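Examining the three-dimensional arrangement
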Amino acid sequence: MGSAPAPSLSSAEEPRVVFQREGWLLVPGLLDRAKTESLLAATAVLESTAARFERDTAVRRVFFQMQSVSGKKGEPAIFPGALRKITSPSSGQPAFDRLRRDPQVLAAVESCGLVAPHCLIDQVNLKLPRVGSGFPYHQDESFLFGDALRRVQRFGGVNLVIALDPADADNGGFEVLGRTHHGPLVDVTYDTSATNAGLFDESRRVLEPLSPGDALLFHPRLAHGSGPNRSERPRRLITLWFGGGALP
């Protein structure tokens, strides 16, 4: 797993060619230290907002999903304030709103061949030390609907994660199943207490370690997931989903 060099913007091949073939692309240091620290500070504010939440809660268009014992959505938090995911942090913190339009982010997305990118979804995925559960293998396109789905199916899409903490095998780093985007959407149950192992081709499975500010771009149909956090360190990743073009 991960023995071959990661496809990246430093490759001799055009990023667009690599992205189309492999379904993912590494961009080391996409965000500088100042931007990363600003996003960490914004995340801390949102975490403090949820400090006493024991169930999934929406606050002014920001949705806080709690970490349950099983990892399933809708169940009580393993303890008050235990966060698993923040959806639409851009509605609560300006740093995330700026990130949706950040020139470096848009340039990276465009390098994969996406024209006129528009941010559809922004999230922070959190894995608390020792209790943060994994995310089963899945394809993000399966969760799109309406105009967002039509935009991606007509004009294409590029998703990306940006590390706020060091992410590796010990704390549930991000895993991709290379080239699975060439196949169809697989009908899977998004049961966060399982891994969906064996439902996708795992022969090109890669867990690429990420440092704060590093980004990994991937096709919305690429299967990906992550394991539990077995370490004493947090693992927070920003997720952005982009669609291309403009619907009439």
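Use the structure listed above.
Bear in mind the structure is a predicted one, so any value in this text is a computation, not a measurement.

Observations regarding the sheet that holds strand 8 (residues 174–177)
Taken together, 4 strands build an open sheet; the order of strands is 6-11-8-9 and the sheet is antiparallel. Each having just a single partner strand, strand 6 (135–138) and strand 9 (205–207) make up the two edges of the open sheet. For this sheet the average axis-to-axis angle between neighbouring strands, irrespective of direction, equals 20°.

What to know about helix 4 (residues 103–111)
For helix 4, the full list of buried residues reads Val-105, Ala-108 and Val-109. Each buried residue of helix 4 sits inside an arc of 95° when the element is viewed along its axis, so together they form one side. Looking at the buried side of helix 4, the elements it contacts are helix 3 (94–100), strand 7 (157–163), strand 10 (215–218) and strand 12 (235–243). Where helix 4 begins, one side-chain oxygen reaches toward the backbone nitrogen of Gln-104, 2.9 Å away; that side chain belongs to Asp-102. Taken from the residues just after helix 4, Gly-113 is the one with a positive phi, measuring 105°.

A short note on the layout of surface pockets
By volume, the largest pocket is sized at about 560 Å³. Lining the largest pocket we find 29 residues, and of these Lys-85, Gln-123, Phe-135, Phe-143 and Tyr-190 sit closest to its centre. Listed by contribution, the elements that provide at least two residues to the lining of the largest pocket are strand 3 (62–66), strand 4 (83–87), strand 5 (118–127), strand 6, strand 11 (224–226) and strand 12. Among the elements that take part in the lining of the largest pocket, strand 12 stands out by supplying 4 residues, more than any other.

Focus on the sheet that holds strand 4
With antiparallel pairing, the 8 strands of this open sheet are ordered in space as 1-10-7-12-5-4-3-2. Among the strands making up the open sheet, the edge pair consists of strand 1 (24–27) and strand 2 (57–59). Each strand of the sheet is rotated relative to its neighbour by a mean of 20°, with strand direction disregarded. Note: strand 5 against strand 12, 9 bridges, orientation antiparallel. Its bridge partner lying in strand 12, Cys-119 is registered against Phe-242.

What counts as what
- Residues numbered from 1 in each chain as written.
- Predicted model: local features only at pLDDT ≥ 70, side-chain atom pairs only at ≥ 80, totals over all residues.
- Heavy atoms only, no water.
- Pairing = 2+ DSSP bridges.
- Helix = DSSP H or I, 4+ residues; strand = E, 2+ residues; numbered from the N terminus.
- Axes fitted to C-alpha atoms, helices over the stretch in contact; angles between N-to-C directions.
- Buried < 20%, exposed > 50% of the residue type's maximum accessible area, 1.4 Å probe, protein only.
- Arc of directions from axis to C-beta.
- Contact = heavy atoms within 4.5 Å.
- Polar contact = N/O pair within 3.5 Å; in protein donor to acceptor, adjacent residues only side chain to side chain.
- 1 Å grid on protein atoms, 1.4 Å probe; cavity = no way out; pocket = protein on both sides within 12 Å on 5 of 7 lines; lining within 4 Å.
- Points joined across faces, edges and corners; volume = space filled by probe spheres on them.

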